[in-house]
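Next come the chains, spelled out residue by residue.
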Amino acid sequence: MHKPLRIAALVAACALAGGALYGAGAATAGQSTANSTHEPYNIGLLVKDIDTYYGATLDSNGVYQASADSPYAKDLARIESDAKRYIDRAARKAHRHGEKPAVVFDIDDTLLLSLDYEKKTNYTYNSTTWAEYVAKADRPSVPGTPALVRYAENEGVEVFYNSGLKESQRSAAVANLKKVGADINLDAEHMFLKNADNPPSYLKDCATPGTWTCTTVQYKSGTREHIEDLGYDIIANFGDQYSDLDGGYADRTYKLPNPTYFVS
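Residues numbered from 1 in each chain as written. Predicted model: local features only at pLDDT ≥ 70, side-chain atom pairs only at ≥ 80, totals over all residues. Heavy atoms only, no water.

**A closer look at unusual backbone geometry**
In this structure, Y123 is a non-glycine residue whose phi angle is positive, near 60°. Relative to the assigned elements, Y123 resides in the loop between α4 (115-120) and α5 (127-135). Unlike most non-glycine residues, N185 shows phi in positive territory, near 50°. One can find N185 in the loop between α7 (170-179) and β5 (191-194). (Helix = DSSP H or I, 4+ residues; strand = E, 2+ residues; numbered from the N terminus.)

Given below as structure tokens:
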């Protein structure tokens, strides 16, 4: 996962998350807000708002978890409920017409929650610490989304993964997804990761062996186009970033909340 623009984009990301800024606009003693001055929103207050949104709590193992009754969990539950209803209808329609329905999931903060990493690094991305964190293969799930993966499979929908994780992180990603109950189609034919050393031919316009210039949108939409070229109709695409969803090749998109970073 290459997650740039973290601290600089926290304000924008929270606005996109839909209601995450519970304290925005309320001045404290001696502290004006961005609503009344040209000063940006105070980052210390913003972090408190993010904690409130997630209900961030340390568990007995010292890992930050999202509370089950947090605004974050409630937002996810509404999205997932709508997605299940839609998948049910779309899958039945596709099967009636002899089509092969599919769903595509991003992984980071769509299926595997990175809140613990964000909190412990003060929302500052570092490629070394991120790689070490991913290698532990011990992230908790994003509440409810592994169940959504299983629901899609039970409805006869093919499950694919389209992630910004590196090819070298495949084994850790597979192990972690198994731990959280998303043990569906974790083979290389269904899980697409970034492979800069040997990129697939369908990304030839922006990636050649050893040279990767694909934007997130180019990589992810190009991968979805490839899935549809295999004969599938992507009825739904799930991600926590708009760049996971932009570029077409999906009948419907579902943006999951993530106020901790922004990927263009």
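Having seen it, we continue.
**Points about the state of the cysteines**
Simply put, the disulfide is a covalent bond whose two ends are the sulfur atoms of two cysteines. Applying the stated criterion across every chain yields a total of one disulfide. Between C206 and C214 runs a disulfide, and the two sulfur atoms are separated by 1.9 Å. Where C206 bonds to C214 through sulfur, the torsion about that S-S bond is close to 85°, and the disulfide is right-handed. Overall, the relative accessible area of 9% leaves C206 in the buried class. (Disulfide = S-S within 2.5 Å. Buried < 20%, exposed > 50% of the residue type's maximum accessible area, 1.4 Å probe, protein only.)

**Comments concerning the nonpolar core**
Core analysis: the largest hydrophobic core is formed by 50 residues, its most contacted members being I87, V103, F105, Y161, L177, M191 and F238. Discounting chain neighbours no more than four positions away, the residues touching I87 are V103, L148, Y151, A152, E155, V157, I235 and F238. By size, the runner-up hydrophobic cluster in this structure holds 12 residues, among which are L203, A207, C214 and Y219. (Core = buried A, V, L, I, M, F, W, Y, C linked by side-chain atoms within 4.5 Å. Contact = heavy atoms within 4.5 Å.)

**Considerations on the environment of P143**
Within the secondary structure, P143 sits in the loop between α5 and α6 (145-154). Remark: the alpha-carbon pair of P143 and E80, spanning 63 residues in sequence, is separated by 9.7 Å. Beyond its immediate sequence surroundings of up to four residues, P143 is in contact with Y72, L76 and E80.

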